[in-house]
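A look at the structure
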Amino acid sequence: MADNLPLEFDVIVIGTGLPESIIAAACSRSGQRVLHVDSRSYYGGNWASFSFSGLLSWLKEHQENTDIVNECPAWQEKILENEEAIALSRTDKTIQHVEVFCYASQDLHEDVEEAGALQKNHASVTSVNCTEAADSACLPIEDESLRTTSCEIPAEQTPSSDPDRALEVNDVQVTGEKENHCDDNTCVPSTAEKETSENVPVAEDTAEQPKKNRITYSQIIKEGRRFNIDLVSKLLYSRGLLIDLLIKSNVSRYAEFKNITRILAFREGRVKQVPCSRADVFNSKQLTMVEKRMLMKFLTFCMEYEEHPDEYKAYEEIKFSEYLKTQKLTPNLQYFVLHSMAMTSETGSSTIDGLKATKNFLQCLGRYGNTPFLFPLYGQGELPQCFCRMCAVFGGIYCLRHSVQCLVVDKESGKCKAIIDQYGQRIISKHFLVEDSYLSENTCSHVQYRQISRAVLITDRSVLKTDSDQQISILTVPAEEPGTFAVRVIELCSSTMTCMKGSYLVHLTCTSSKTAREDLEPVVQKLFTPYTETEIENEEIEKPRLLWGLYFNMRDSSDVSRNSYNDLPSNVYVCSGPDCALGNDNAVKQAEALFQQICPNEDFCPPPPNPEDIILDGDNLQPEASESSALPEANSETPKESSNLKNPEEPSK
């Protein structure tokens, strides 16, 4: 049990965000004894995903700003004379300026019992009334949400019969029920089992909803378990560091992915689709034949720009947007390249950075689909849990709802030697990793944090209507005023298992200049129209209807130098929370760098041994065999399943 843990470990990790979870998995895989704790009742920290009612519970927790758990009143008495304590924070102060708005019709009936309902006050609600029990707000333990890996790719783009493709085609609509296990070496109390129907579309939902059917707030509440709402909105570059790590470590077998189907642009008040691949360019009806040739010539140069330095050396000191004006590109093409491929702004990057970003975009095309991006089914919150699962497989111990009161520092050596937890247990370790949000105000008094502005919206249709209602899109809306930032919009359909059928989940993200609502509401007003009773009677309206919205600011600690923290011992390492970038490279780089400090000569997340290759020598098992035997079901995949995510061959041009 959590109140009777072993008293010594090699590595103690506090916080279950993505960087911490990767490090915990890497350390456990290399043979380190790992204790991984989190005072929250769910995995992922600010990388987590929630059902709709779980999100409302999370909102209530942050608006009340209460302590996450009760502290042990006598922990100070356990500090010896030759020791000093570094107290950890009791509250999470990474979320600010939370505002919730409900626009959908509120016709709650007595038979709607899903907790967490907002009481509507005209069109907007800025407080959350959530009566749901704490356990229902929790994410499932790692076993409940880790699934056999495959990638959702349109069948016409990638033949399923090709054995060299890494991510096999899978029909999301028939995904099976998630397993519920609790590992013997896991100290996480089991949460209530998810209903079988939580993320699996039911038969009666297959009929297309009538156009004038309105989605009410009671429907959102009833279908709340079909939502998986990310706190941080990101995508995976198909040739990014995280995909490479998932493949190398074989952690990919615990997750499923879906290809982003469209890159969009917002220009002259309208949303347009951006042609990315060669086929898209030549099939596009937006571009003239001359523009198509111009674009293909420029993109070919971007792929090989390093081999032709004479063509860009003279422009190295200017912005990428200015450089594009010197090329033979129309304003329309300049806009597409700048905002939808390089994904930067007029003032955002230099010529070299812009060319590098465009090349990275183009290199990622075609690996798993016709865009460079993948999205994990059931949300971004699956990824930390995948790595937690790997850590547990190799002997890591997990405790949620488990608070650490302080770090114990030896005065003579200046190194941290132990922690004291909420039960008063003194647990010794050699290395300590702490997520930034757990550090107290005294430790962070000189730290200057940036902020991320976030909005989460539920809408009734896509920002760009097509024949298919199962589109996953990314759109960049450029900044219009000096001092503001471009807004990234990611729109998810129900086949991503993140929202109910007939609705869309929309994430907006930008670097903060003001509060989240002030930063993002102008973009929301351009793309969506608030739902009102009268509009439903009208003819077809141009913009999607906004049913529900959430704004909040999240701390960005990714740029904080270690030297900014006060008096941290050398064996205490700080992991940052999510950054504002689209990809996850920062988390992977940070995890690998910290792992190399802890285990300097070890391979970072090598693949697990194949059970068939383990040789028994008498009664003595190889270490890999004894470690992996802790969770036999985790290694029970067939060889075919465990090799799904091999590195695919280069796509043919």
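Below is a summary of the structure that appears in this document. (Residues numbered from 1 in each chain as written. Predicted model: local features only at pLDDT ≥ 70, side-chain atom pairs only at ≥ 80, totals over all residues. Heavy atoms only, no water.)

Points about empty space enclosed by the protein
A water-sized probe rolled over the atoms picks out the places where empty space is left. Scanning the entire structure with this criterion turns up six cavities of 30 Å³ or more. A volume near 100 Å³ is recorded for the second largest cavity. What lines the second largest cavity is a set of 18 residues, among which N46, E435, S437, G577 and P578 lie closest to the centre. (1 Å grid on protein atoms, 1.4 Å probe; cavity = no way out; pocket = protein on both sides within 12 Å on 5 of 7 lines; lining within 4 Å. Points joined across faces, edges and corners; volume = space filled by probe spheres on them.)

Digging into the nonpolar core
The biggest cluster of nonpolar side chains holds 99 residues, and the ones touching the most others in it are F52, L508 and W548. Ranked by size, the runner-up nonpolar core spans 48 residues in total, among them I23, L246, C599 and F604. (Core = buried A, V, L, I, M, F, W, Y, C linked by side-chain atoms within 4.5 Å. Buried < 20%, exposed > 50% of the residue type's maximum accessible area, 1.4 Å probe, protein only.)

What about the sheet that holds strand β14 (residues 404-410)?
What links the strands of a sheet is backbone hydrogen bonding, and the strands pair in either a parallel or an antiparallel sense. The strand order β4-β14-β15-β16 describes an open sheet built from four strands, whose pairing is antiparallel. Since the sheet does not close on itself, it has two edges, and those belong to β4 (83-87) and β16 (426-428), each with one partner. Geometrically, the sheet is characterised by an average inter-axis angle of 30 degrees between neighbouring strands, direction not taken into account. Relative to β16, strand β15 (residues 416-421) is paired through three bridges, and the arrangement is antiparallel. Bridge pairing links A418 to I428 in β16. (Pairing = 2+ DSSP bridges. Helix = DSSP H or I, 4+ residues; strand = E, 2+ residues; numbered from the N terminus. Axes fitted to C-alpha atoms, helices over the stretch in contact; angles between N-to-C directions.)

As for the pattern of salt bridges
Counted according to the given criterion, the structure contains 23 salt bridges. When the shortest N-O distance is used, the salt bridge between E83 and R426 registers 2.2 Å. Here E83, found in strand β4, pairs with R426, found in strand β16; they are 343 residues apart in sequence, far enough to count as distant. Between D603 and K248 there is a salt bridge whose closest N-O contact spans 3.2 Å. Note that D603 is positioned in the loop between α14 (585-598) and α15 (623-628) and K248 in helix α6 (residues 241-249), a separation of 355 residues in sequence. When its relative accessible area of 42% is taken as the criterion, D603 is described as partly exposed. Connected via shared salt-bridge partners are E83, D410, K417 and R426. (Salt bridge = Lys/Arg side-chain N within 4 Å of Asp/Glu carboxyl O.)

A short note on the layout of surface pockets
Roughly 1,500 Å³ of volume is contained in the largest pocket. Secondary structure elements with two or more residues in the lining of the largest pocket: α11 (351-364), β20 (487-492), β21 (504-511) and α14. In terms of residue count, α11 provides more of the lining of the largest pocket than any other element does, five residues in total. Residue composition of the lining of the largest pocket, grouped by class: 15 nonpolar, 18 polar and 13 charged. (Nonpolar A, V, L, I, M, F, W, Y, C, P; charged D, E, K, R; others polar.)

A word on the state of the cysteines
Per the counting criterion, the structure on display carries zero disulfides. C27 takes part in no disulfide bond, and the closest cysteine sulfur, belonging to C599, lies 4.7 Å away. Using a relative accessible area of 0% as the deciding quantity, one classes C27 as buried. (Disulfide = S-S within 2.5 Å.)

Observations concerning the environment of Q363
Following the sequence through the fold, Q363 ends up in helix α11. Of the residues examined, Q363 reaches a relative accessible area of 34% and is grouped as partly exposed. On a C-alpha basis, the gap between Q363 and M303 in space is 7.7 Å, while along the polypeptide they are 60 residues apart. Among all residues touching Q363, those that are not within four sequence positions of it are R239 and M303. (Contact = heavy atoms within 4.5 Å.)

A short note on the pairing of β21
Of all eight residues making up β21, seven are buried, and the element is well covered by its neighbours. For strand β18 (residues 450-459) and β21, the ladder comprises eight bridges, and the chain directions are antiparallel. If you follow I452 over to β21, its bridge partner there is T511. Bridge analysis of β20 against β21 gives five bridges, and the strand direction is antiparallel. Pairing of R488 across the sheet is with T509, part of β21.

Regarding the packing of aromatic side chains
By the definition in use, this model includes 16 aromatic pairs. Geometrically, the ring pair formed by Y237 and F373 is edge-to-face, given 4.8 Å between the ring centres and 65 degrees between the ring planes. In this pair, Y237 is assigned in strand β8 (residues 236-237) and F373 in strand β12 (residues 373-376), connecting sequence segments 136 residues apart. Each ring, one from F595 and one from F604, has its centre 5.5 Å from the other, and the planes form 50 degrees; the classification is tilted. Summarising the burial analysis for this pair, F595 and F604 share the class buried. A connected cluster of aromatic rings, assembled from ring pairs, spans Y42, F50, W58 and F552. Directly above the aromatic system of Y449 lies the positively charged group of R555, at a separation of 4.1 Å from the ring centroid. (Phe/Tyr/Trp six-rings, centres within 6.5 Å; stacked < 30°, edge-to-face > 60°. Lys NZ or Arg CZ within 6 Å of the ring centre and 35° of its normal.)

Here we look at helix α12 (residues 382-393)
The end-to-end C-alpha distance of α12, which contains twelve residues, comes to 17 Å, matching closely the 16 Å that a straight helix rising 1.5 Å per residue would cover. The buried count for α12 comes to twelve of twelve residues, which makes it a mostly enclosed element. Just beyond α12, the residue with positive phi is G395, at close to 105 degrees. (Expected span 1.5 Å × (residues − 1).)

Examining unusual backbone geometry
Most peptide bonds take the trans configuration, and most residues that are not glycine carry a negative phi. For H97, which is not glycine, the phi dihedral falls at a positive 55 degrees. For H97, the position within the fold is in strand β5 (residues 95-102). On the accessibility criterion, H97 (43% relative accessible area) is partly exposed. For C605, which is not glycine, the phi dihedral falls at a positive 50 degrees. Inspection of the secondary structure puts C605 in the loop between α14 and α15.

Thoughts on the pairing of strand β19 (residues 473-477)
Among the five residues in β19, five count as buried, and that is most of the element. Burial along β19 is two-sided: S473, L475 and V477 facing one way and I474 and T476 facing the other are all buried. In this sheet, β19 lies alongside strand β10 (residues 262-267) in parallel orientation, the contact comprising four bridges. When the bridges of β19 are listed, L264 appears paired with L475. Direction of pairing for β19 relative to β20: antiparallel, over a ladder of five bridges. Looking at the pairing, I474 lines up with I490 of β20.

It is worth stressing that arrangement in space is one thing and function is another; only the former is reported here.
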